[in-house]
Amino acid sequence: MKLLRFILEIDGEVKRSVPFFDNLNIITSKKESDAPGNSVGKSTLGRILDYLFDGSISPIYIDDEFQTPKREIEHLFTNSEVYVSLEYLGIDNQYSVVKRRLSTDTELQSYILNGCEVTNKEYIAHI
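Residues numbered from 1 in each chain as written. Predicted model: local features only at pLDDT ≥ 70, side-chain atom pairs only at ≥ 80, totals over all residues. Heavy atoms only, no water.

Notes on the pairing of strand β4 (residues 95-102)
Cut-off, in case you're wondering: Relative accessibility decides the category of a residue: with a 1.4 Å probe and only protein chains considered, values under 20% of the type maximum give buried, values over 50% give exposed, and everything between is partly exposed. By definition, any uninterrupted DSSP run of H or I lasting at least four residues is a helix, any uninterrupted run of E lasting at least two residues is a strand, and each is numbered from the N terminus. Strands pair, by our definition, only if DSSP identifies at least two bridges between them.
In terms of burial, β4 is a largely internal element, six of the eight residues being buried. The pairing of strand β3 (residues 82-89) with β4 spans eight bridges and is antiparallel. Across the sheet, Ser 85 pairs through a bridge with Lys 99, a residue of β4. Remark: five residues form the turn of the hairpin made by β3 and β4, two consecutive strands paired antiparallel; Asn 93 in that turn has positive phi of roughly 70°. Judged from the three bridges that link them, β4 and strand β5 (residues 111-113) form a sheet pairing that is antiparallel.

Right under this line is the structure:
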């Protein structure tokens, strides 16, 4: 699998589009920033990629230390339509897009494959 691009959409608007390049990809703070690189989303991106591969949503919005919801993120997931997608080339060199809604309501955590809503089993079989 070759990752091409990660996309975050909130209420139909693309908020982040992160391209992946050949070889090594490193997530850091912006070049013009003096920040040390803490809290730029490195771990969150990994958790969301895990969710896209049918992992749990809990690590994205539940605080590790206190095991309570992070209110700001929970509020976002509850009051907005938040989708994440991953564009990639599969082993067969075919372009694909997997997409899921980030929601605390499991009924809203849809599975979308190449623009079509599919069942969990179809999604898993593809990835």
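Structural notes on the side chain of Arg 101
Convention followed: The charge count includes Lys and Arg as positive and Asp and Glu as negative, but it does not include His or the ends of the chains. Any Lys or Arg side-chain nitrogen found within 4 Å of a carboxyl oxygen on Asp or Glu counts as a salt bridge. Every residue pair with non-hydrogen atoms within 4.5 Å of one another is taken to be in contact.
Position of Arg 101 relative to the elements: it lies in strand β4. Comment: no salt bridge for buried Arg 101; closest opposite-charge side chain is Glu 81, at 4.2 Å. Excluding its chain neighbours within four sequence positions, the residues that come into contact with Arg 101 are Tyr 51, Ser 80, Glu 81, Val 82, Tyr 83, Leu 108, Gln 109 and Ser 110.

Examining a nonpolar patch on the surface
Which entries qualify depends on this criterion: Excluding any residue in a salt bridge, patches collect residues exceeding 30% relative accessible area, merging like charges within 9 Å and nonpolar Val, Leu, Ile, Met, Phe, Trp and Tyr side chains within 5 Å. Values of accessible area rely on a 1.4 Å probe in the Shrake-Rupley scheme; residue burial ignores everything except the protein chains shown.
A surface patch of nonpolar side chains, about 320 Å² in accessible area, is lined by Met 1, Phe 53, Ile 124 and Ile 127. Relative to the helices and strands, Ile 127 is located in the segment after α4 (120-126).

A short note on the environment of Asn 120
The following threshold applies: Polar contacts here mean pairs of N or O atoms no more than 3.5 Å apart (in protein, one a potential hydrogen donor and the other a potential acceptor; neighbouring residues in sequence count only if both atoms are side-chain atoms).
Relative to the elements of secondary structure, Asn 120 occurs in helix α4. With eleven residues separating them in the primary sequence, Asn 120 and Gln 109 have C-alpha atoms 9.9 Å apart. In this structure, Asn 120 is in contact with Asp 54 and Tyr 111, ignoring residues within four places of it in sequence. A distance of 3.4 Å separates a polar atom in the side chain of Asn 120 from a polar atom in the side chain of Asp 54.

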